[in-house]
Amino acid sequence: MRPLTERDIRTSFVNCSKGETQRLGLPKDFPDLPWPDLDFLGWRDPGAPERAYLVAERGGRPTGLALRVTTGASRGFTSRSMCSLCLTTRTGGGVALMTARRTGEPGRQGNTVGQYLCADLSCSLYVRGTKQSVAGGGLDESLTPEEKIARIEANLRAFLDKVTG
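Numbering of residues starts from 1 in every chain and runs along the sequence as written. With the structure being a predicted model, the display of local features is reserved for residues of pLDDT at least 70 and the display and counting of side-chain atom pairs for 80 or more, all residues being used for whole-chain, interface and lining totals. Calculation of side-chain values draws on the structure's entire complement of heavy atoms; hydrogens and water are dropped beforehand.

(A) The side chain of T21, seen in detail. Working definition: helices are DSSP H or I runs of at least four residues, strands are E runs of at least two. Numbering for both runs from the N terminus. In this structure, T21 sits in helix α2 (residues 18–23). Each polar contact in these results corresponds to two N or O atoms within 3.5 Å; when the atoms are within protein, one needs to be able to donate a hydrogen and the other to accept it, and residues that are neighboring in sequence are counted only if both atoms are side-chain atoms. A distance of 2.7 Å separates the side chain of T21 from the backbone oxygen of K18, its partner in a polar contact. In this analysis, two residues are considered to be in contact whenever any of their non-hydrogen atoms come within 4.5 Å of each other. Those residues in contact with T21 that sit more than four places away from it in its chain are R10, F13 and C16.

(B) Representation of the nonpolar core. Counting 28 residues, the largest nonpolar core has F40, L67, C83, L85, M98 and C123 as the members making the most contacts within it. Where this core is concerned, the elements lending two or more residues are β2 (48–58), β3 (61–69), β6 (95–101), β7 (112–118), α4 (123–128) and α5 (145–164). Element by element, the count of residues in this core is highest for α5, at six residues. Once you skip the residues sitting within four places of it in the chain, F40 turns out to touch M1, L54, V55, A56, L85, L121, C123, S124, I152 and L156. Remark: nonpolar core denotes a set of buried residues (Ala, Val, Leu, Ile, Met, Phe, Trp, Tyr, Cys) joined through side-chain atoms within 4.5 Å. Burial here depends on accessible area, computed with a 1.4 Å probe over protein chains only, as a share of the maximum for the residue type. Under 20% is buried, over 50% is exposed, and the range in between is partly exposed.

(C) Structural view of the pattern of salt bridges. The rule for a salt bridge is simple: a side-chain nitrogen of Lys or Arg has to be within 4 Å of a carboxyl oxygen of Asp or Glu. If you walk through the whole model with that rule in mind, you get eight salt bridges. One salt bridge in this structure joins D39 and R128, with 2.8 Å as the shortest N-O distance. Of the two residues, D39 sits in the loop between α2 and β1 (41–45) while R128 sits in helix α4, which places them 89 residues apart along the sequence. The exposure class of R128 is partly exposed, given its relative accessible area of 26%. E105 is the salt-bridge partner of R108, the closest N and O atoms lying 3.3 Å from each other. Of this pair, R108 and E105 are both found in helix α3 (residues 104–108), three residues apart, which corresponds to roughly one turn of the helix. Since its relative accessible area comes to 64%, R108 is described here as exposed. Under the relative-accessibility criterion, E105 is labelled partly exposed at 42%.

(D) Structural view of the confidence of the model for the protein. Think of pLDDT as the predictor's per-residue confidence, scored from 0 to 100. On average, residues of the protein carry a pLDDT of 90, and 92% of them reach 70 or more. No element of the protein has a lower mean pLDDT than strand β5 (residues 89–91), which averages 82, and none a higher one than β3, which averages 97.

(E) Representation of the packing of aromatic side chains. For Phe, Tyr and Trp, rings pair up if their centres lie within 6.5 Å, where Trp contributes its six-membered ring, and each pair is then called stacked (planes under 30 degrees apart), edge-to-face (over 60) or tilted (otherwise). For the coordinates displayed, the defined rule picks out three aromatic pairs. Between F30 and W35, the ring centres sit 6.2 Å apart and the planes meet at 90 degrees, which makes this aromatic pair edge-to-face. A connected cluster of aromatic rings, assembled from ring pairs, spans F13, W43 and Y53.

(F) Structural view of the state of the cysteines. For the purposes of this analysis, a disulfide is any pair of cysteine sulfur atoms at a distance within 2.5 Å. In the structure shown here, the tally under the stated rule is zero disulfides. Counting only cysteine sulfurs, C123 is the nearest neighbor of C16, a cysteine outside any disulfide, at a range of 20 Å. Between C118, a free cysteine, and C86, which holds the nearest cysteine sulfur, the sulfur-to-sulfur gap is 3.6 Å.

(G) Representation of the layout of surface pockets within the structure. A pocket here means an open set of points on a 1 Å grid, computed over the protein atoms alone, that has protein on both sides within 12 Å along at least five of seven lines. A cavity is instead a set of points where a 1.4 Å probe fits but cannot get out; residues with an atom within 4 Å of a point line either one. Grid points are joined across faces, edges and corners, and a volume is the space filled by probe spheres set on the points. Roughly 300 Å³ of volume is contained in the second largest pocket. Taken together, 18 residues form the lining of the second largest pocket, with P27, D29, L33, G42 and W43 sitting closest to its centre. Going through the elements one at a time, β1 and α4 are the ones with two or more residues in the lining of the second largest pocket. Looking at the lining of the second largest pocket element by element, the count peaks at four residues for β1.

Structure below.
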């Protein structure tokens, strides 16, 4: 992913108001992000942990989504869940249901799209092996790192299409 400025990020959101984008908190480590290793920029709002944000390139420009993290009963440490973007298996709440308000008229009517995502939104780093899951990582599979990156990009495109389409 190409490096983004704060302005790029704040103007990229398609499913929330301009006021909401001005109030959102950027990632704490924003100046030091590993841009070449990111397929998308994802973070939890430091001031409001039930909010999360995802910015990905779509059609050559950044497209941002405001997400709500669904809080539910905490699952035990031995219970595992899988992220639908990177297919990393996580334990102890490492995967959360996140919902995005759809764009346009469906969104104004309150329609949302939900997806199980890594709670820390570090999918790109898990796929590249830069970050490891406590549960031992992803599936035992024979895909190359490039194929895993292509898969996460395809899954991300499908999610963006559901929200904006």
